[in-house]
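Listed here are the chains, written in short residue letters.
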Amino acid sequence: MRKLIIIMILLGIILGGMIVYQKNTIKNNQITVQEIEKIENYINQIYMWKEVTKEALPCFEDINQADETWIWEVVKKNLEEDEPSYQVIQKKAKELFGRDFTKEFPKEGTKSLSYNQEKNAYIAETVELDQQSDLFLLNKIDKIKNGYEVDIIEYLEDYSPMLKEQPEDFVKIKNLEEEEIGKISGSVEEEETEFVKKNVEHFTKKKITLELEDEKLVIRKVDTIE
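Every value quoted in this text rests on a predicted model; they were computed, and no experiment measured them. (Residues numbered from 1 in each chain as written. Predicted model: local features only at pLDDT ≥ 70, side-chain atom pairs only at ≥ 80, totals over all residues. Heavy atoms only, no water.)

Undergrad: Before we move on, could you go through the overall build of the chain and cite the residues and values that matter?
TA: Helices and strands together make up the secondary structure of the chain, namely six helices and eight strands. The linear arrangement of helices and strands in the chain, starting from the amino end, is α-α-α-α-α-β-β-β-β-β-β-α-β-β. Within the span of the chain, comprising 226 residues, buried residues form 47% of the whole. (Helix = DSSP H or I, 4+ residues; strand = E, 2+ residues; numbered from the N terminus. Buried < 20%, exposed > 50% of the residue type's maximum accessible area, 1.4 Å probe, protein only.)

In structure tokens, the structure reads:
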């Protein structure tokens, strides 16, 4: 619960920096604000927590080859019902991953979405989260035929200093290997975005291929950028 509260506070702080970044992206790539918001919202839907899925966003050449833990955790994250049926879960998976997605949810359930025989439904189990937020920064967006190629920078935001008995007004910025790259103020807008971009060589970078399907975005593949 504390993690959720802190995340909400920090997202507000980061928003100002994201707006500035979005304006630069529009100018450089002729992408509209609406397109950027649509892309960012979709990636947020499918971006997970490494302590749950090992990678917030794994690499794959085809969505059906993606790590299954990640796939079903993404679906679980986006379910509106507390006790969904098998059909509801499959429908949500198709909405998120598109018509080419062919995997089927395990009838026996998963570790965090367990099957309840009496209710003939699946129950979302509590997942333990750490004190680090798994975040991404949009770095470049290119239009392609019927979609986009989106370059992102991945990093971790460790806000444990703000949870101490005597809170400190900074957060630690780490790479995915949990190496501390630096500290930024917990109250200065735009600082985090600028810090990550200036130190981009220390962070993981990935290219996401997104396709428009019935006006909705679906993910096609993810590659690591060397």
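Structure shown, so let's carry the discussion forward.
Undergrad: I'd like a rundown of the packing of aromatic side chains, residues and numbers included.
TA: Counted according to the given criterion, the structure contains nine aromatic pairs. Taking the centre distance of 5.1 Å and the plane angle of 75 degrees together, the rings of Trp72 and Phe105 count as edge-to-face. You can see Trp72 sitting in helix α4 (residues 68-77) and its partner Phe105 sitting in the loop between α5 (86-97) and β1 (113-116), a full 33 residues away along the chain. Each member of the pair, Trp72 as well as Phe105, is classed as buried. Ring centres of Tyr155 and Phe203 lie 6.1 Å apart, and the angle between their planes is 65 degrees; on these two criteria the pair is classed as edge-to-face. Remark: Phe203 occurs in the loop between α6 (191-198) and β7 (204-213) and Tyr155 occurs in strand β4 (residues 147-158); sequence separation between them is 48 residues. With respect to burial, Tyr155 and Phe203 carry one shared label: buried. Put simply, the rings of Phe60, Trp70, Trp72, Phe97, Phe101, Phe105, Tyr115 and Tyr122 pair up and form one aromatic cluster. The ring centre of Trp49 lies 5.5 Å from the NZ or CZ of Lys77, which sits over that ring. (Phe/Tyr/Trp six-rings, centres within 6.5 Å; stacked < 30°, edge-to-face > 60°. Lys NZ or Arg CZ within 6 Å of the ring centre and 35° of its normal.)

Undergrad: Please set out α6 residue by residue, giving values where relevant.
TA: Residues Glu192, Thr193, Phe195 and Val196 constitute the buried set of α6. The arc enclosing the buried residues of α6, seen along the axis, measures out at 165 degrees, which places them on a common side. (Arc of directions from axis to C-beta.)

Undergrad: Please set out the side chain of Lys174 residue by residue, giving values where relevant.
TA: If you trace the backbone, Lys174 turns up in strand β5 (residues 170-174). Judged by its relative accessible area of 12%, Lys174 is buried. There is a polar contact of 3.0 Å between the side chain of Lys174 and the side chain of Gln132. Among all residues touching Lys174, those that are not within four sequence positions of it are Gln132, Tyr155, Leu156, Asp158, Glu179, Glu180, Ile181 and Phe203. (Polar contact = N/O pair within 3.5 Å; in protein donor to acceptor, adjacent residues only side chain to side chain. Contact = heavy atoms within 4.5 Å.)

Undergrad: Would you mind going over the pattern of salt bridges in detail, with residue names and values included?
TA: Counted according to the given criterion, the structure contains 18 salt bridges. For the salt bridge of Glu154 with Lys206, the shortest nitrogen-to-oxygen distance reads 3.0 Å. A residue pair is termed long-range when its members are at least 10 positions apart, and Glu154 in strand β4 and Lys206 in strand β7 qualify at 52 residues. Lys206 matches Glu154 in its accessibility class, with the two residues each being buried. One network of salt bridges, with partners in common, ties together Asp100, Glu211, Glu213 and Arg220. (Salt bridge = Lys/Arg side-chain N within 4 Å of Asp/Glu carboxyl O.)

Undergrad: Quick one: what's the story with unusual backbone geometry, residue by residue and with numbers?
TA: Working note: non-glycine residues mostly have negative phi, and peptide bonds are mostly trans. The backbone of Asn120 shows a phi angle near 50 degrees, a positive value even though the residue is not glycine. Here Asn120 shows up in the loop between β1 and β2 (121-124). Judged by its relative accessible area of 53%, Asn120 is exposed.

Undergrad: Outline the pairing of β4, listing residues and values.
TA: Extensive coverage of β4 is indicated by the burial of eleven of its twelve residues. Relative to β4, strand β3 (residues 132-144) runs antiparallel, the two being bridged by twelve bridges. When the sheet's bridge partners are listed, Leu135 is paired in β4 with Tyr155. The hairpin turn running from β3 into β4, its antiparallel successor, is two residues long, and Asn146 in that turn takes a positive phi close to 60 degrees. (Pairing = 2+ DSSP bridges.)

Undergrad: Before we move on, can you summarise the packing of helix α2 (residues 33-46) against α4 with the specific residues and values?
TA: Between α2 and α4, the least distance of the axes is 8 Å, while the angle of their chain directions is 115 degrees. It follows that α2 is roughly perpendicular to α4 by the angle criterion. Counting all contacts with α2, which are made through Asn44, Gln45 and Ile46, the residues of α4 involved are Trp70, Val74 and Lys77. For the contact of α2 with α4, the per-class residue count stands at three nonpolar, two polar and one charged. (Axes fitted to C-alpha atoms, helices over the stretch in contact; angles between N-to-C directions. Parallel < 35°, antiparallel > 145°, perpendicular 65-115°, else oblique. Nonpolar A, V, L, I, M, F, W, Y, C, P; charged D, E, K, R; others polar.)

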